[in-house]
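Here is how the chains run, residue by residue.
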Amino acid sequence: MKNYLQALSDGHSLERDEMRGAVKELLLDETSESQIAGFLTLLKMKGETVDEITALVEVLRENAMPIESTLKGVMDNCGTGGDGSHSFNISTTCAFVLAGAGVKVAKHGNRSISSKTGSADVLENLGVCLDFQAHDVESLLNETNIAFLYAPHIHTGLKKIMKVRKELKIPTIFNLIGPLTNPVQLETQLVGVYRRDKLEMMANVLHELGRKRAIVLNGADYMDEASLAGENHLVLLENGITTPFTISGEEVGLPAYSLEEIRGGDARDNARILRDVLEGKEGACTDTVLFNSGIALFAHGKAPTIAEGVKLARESIKSGRANEKLQALVHYSQQRRKQVI
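Residues numbered from 1 in each chain as written. Predicted model: local features only at pLDDT ≥ 70, side-chain atom pairs only at ≥ 80, totals over all residues. Heavy atoms only, no water.

The name an unreviewed UniProt entry assigns to the protein is Anthranilate phosphoribosyltransferase, from the organism Rossellomorea vietnamensis. The heading Function (unreviewed entry) in the UniProt record of the protein holds the text "Catalyzes the transfer of the phosphoribosyl group of 5-phosphorylribose-1-pyrophosphate (PRPP) to anthranilate to yield N-(5'-phosphoribosyl)-anthranilate (PRA)." Turning to the protein, the UniProt record has this under Subunit (unreviewed entry): "Homodimer." (UniProt positions renumbered as here; feature names shortened; annotations may be inferred.)

Put into structure tokens, the structure is as follows:
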């Protein structure tokens, strides 16, 4: 670890094999918290590379709970966090809209790290289990189109690193890679990032990880979600080719809103907003979910354009199918708890 720390402090990037070795060192019991903090901080100061991010994700996935799913076309939609917007849980709400539109969603998430309320906090408040096993994930994707994978349950070797991250209280490489460490082999993905300068790089990482199609975005006001407050910057990855573009909500028939209008609160507040959206309550939160869901459906290939994706998302909510997916996930959780007891 000393050699890796020295290389980073000298401003040198680690090659993929070197980074793999460094990550394996990070996961050892004998590696101190101060070494972990130093490594994460130096890496952030230097600036992460495609090889470094890819290597970290590969090692973490190799050490995660194995999920041998044979399902095709599974996607995840997740933001990195770290944007400081304090919005409600947009991507978590969108996951149910996508599932209602016929997409299988393996939603990988965590409790709050750099934001006020994480996806796990909200789903737990709604009654969703956080300790699904591999067979549960397979069953849920088959039966309901949606499964939740709680990061600390999936990645059990990261407890010490998680502790360090909480104490650092700054975004690190783990904010960038959180959406990428899903143990399910995804074909498509929507990733929101809090740094606009990382769009192309993250798209290249997704290509290295085997995604056939994906979108990486940074929203107006530098959100890690698409925002209706202005122009959003996106990069489409398709068959190894990246294409940058911009889009605003007005281009797909949605009104503009300020960030203040989509501000969330604690887990209970954000759970209420999620339910309101899935029950069809109109307003800024629902329109923001429609926008992000439309982009995700386009990233998946379910919709030929983002505008068509917004229409599919609206129908998912209007028909009640999106809300049905939430109820199915909660019901499965309740039945599972009874079996455990």
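**Digging into the domain arrangement of the protein**
The assigned domain composition of the protein is domain 1 (1–47) and domain 2 (74–329). Contacts between the two partners involve 15 residues from domain 1, matched on the other side by 17 residues from domain 2. Carbon and sulfur atoms make up 66% of the surface buried where domain 1 meets domain 2, a total of about 1,200 Å² over both sides. By the criterion of area lost to domain 2, the three top residues of domain 1 are E33, L40 and K44, representing 47% of everything that side buries. Taken together, domain 1 and domain 2 are joined by 2 salt bridges. (Domains from an automatic or database assignment. Contact = heavy atoms within 4.5 Å. Buried area = accessible area lost by both parts, 1.4 Å probe. Salt bridge = Lys/Arg side-chain N within 4 Å of Asp/Glu carboxyl O.)

**Re helix 6 (residues 119–126)**
Most of helix 6 is tucked away: 6 of the 8 residues are buried. Every buried residue belonging to helix 6 is among S119, A120, D121, V122, L123 and L126, and all of these are buried. Downstream of helix 6 by one or two residues, G127 has phi in the positive range, about 105°. (Buried < 20%, exposed > 50% of the residue type's maximum accessible area, 1.4 Å probe, protein only. Helix = DSSP H or I, 4+ residues; strand = E, 2+ residues; numbered from the N terminus.)

**Here's the deal with the pairing of strand 6 (residues 232–238)**
For strand 6, the tally of buried residues reaches 5 of 7 residues, placing the bulk of the element in the interior. Both strand 5 (residues 213–218) and strand 6 contribute to a ladder of 6 bridges, which runs antiparallel. For N218, the partnering residue across the bridge sits in strand 6 and is H233. Relative to strand 7 (residues 241–247), strand 6 runs antiparallel, the two being bridged by 7 bridges. Paired with L237 across the bridge in strand 7 is T242. (Pairing = 2+ DSSP bridges.)

**Focus: the UniProt feature "domain: Glycosyl transferase family 3 N-terminal" (unreviewed entry) in the protein**
Within this structure's numbering, the places UniProt gives as "domain: Glycosyl transferase family 3 N-terminal" (unreviewed entry) are residues 2–64. In this annotation, residues 2–64 is assigned 73% helix and 0% strand; the end-to-end C-alpha distance for the span is 26 Å.

**Description of helix 7 (residues 134–144)**
For helix 7, the full list of buried residues reads D136, V137, E138, L140, L141 and T144. Just beyond helix 7, the residue with positive phi is N145, at close to 75°.

**Section: the UniProt feature "binding site: anthranilate 1" (unreviewed entry) in the protein**
The residues that UniProt annotates with the feature "binding site: anthranilate 1" (unreviewed entry) are G79 and N110. A maximum C-alpha distance of 11.2 Å among these annotated residues, which run over 32 residues, shows that they cluster at one spot. Relative to the helices and strands, G79 is located in strand 1 (residues 75–79). Beyond its immediate chain neighbours, meaning those up to four positions away, G79 contacts S91, P179, G192 and D224. What makes N110 buried here is its relative accessible area of 16%. Leave out the neighbours within four places in its chain, and N110 touches G118, S119, A120, F148, Y150, A151, P152 and M162.

**Focus: the pattern of salt bridges**
Applying the stated criterion across every chain, the model contains 19 salt bridges. In this structure, E260 engages R263 in a salt bridge whose closest nitrogen and oxygen atoms are separated by 3.1 Å. With a shortest N-O distance of 3.5 Å, D276 and R272 are connected by a salt bridge. Placement of the pair is D276 and R272 together in helix 12 (residues 267–278), with a separation of 4 residues, close to one helical turn. Salt bridges linked by common partners bring R16, R20, D51, E58, E62 and E208 together as one network.

**What about the packing of helix 4 (residues 50–62) against helix 11 (residues 199–208)?**
Between helix 4 and helix 11, the least distance of the axes is 9 Å, while the angle of their chain directions is 45°. In this view, helix 4 runs oblique relative to helix 11, as classed from their interaxial angle. Judged by the sense of rotation from one axis to the other, the crossing of helix 4 with helix 11 is right-handed. Counted together, V50, I53 and T54 of helix 4 and M201, M202, N204, V205 and E208 of helix 11 form the full contact between these two elements. A per-class count over the contact of helix 4 with helix 11 returns 5 nonpolar, 2 polar and 1 charged. (Axes fitted to C-alpha atoms, helices over the stretch in contact; angles between N-to-C directions. Parallel < 35°, antiparallel > 145°, perpendicular 65-115°, else oblique. Left-handed = near helix turned anticlockwise from the far one by under 90°. Nonpolar A, V, L, I, M, F, W, Y, C, P; charged D, E, K, R; others polar.)

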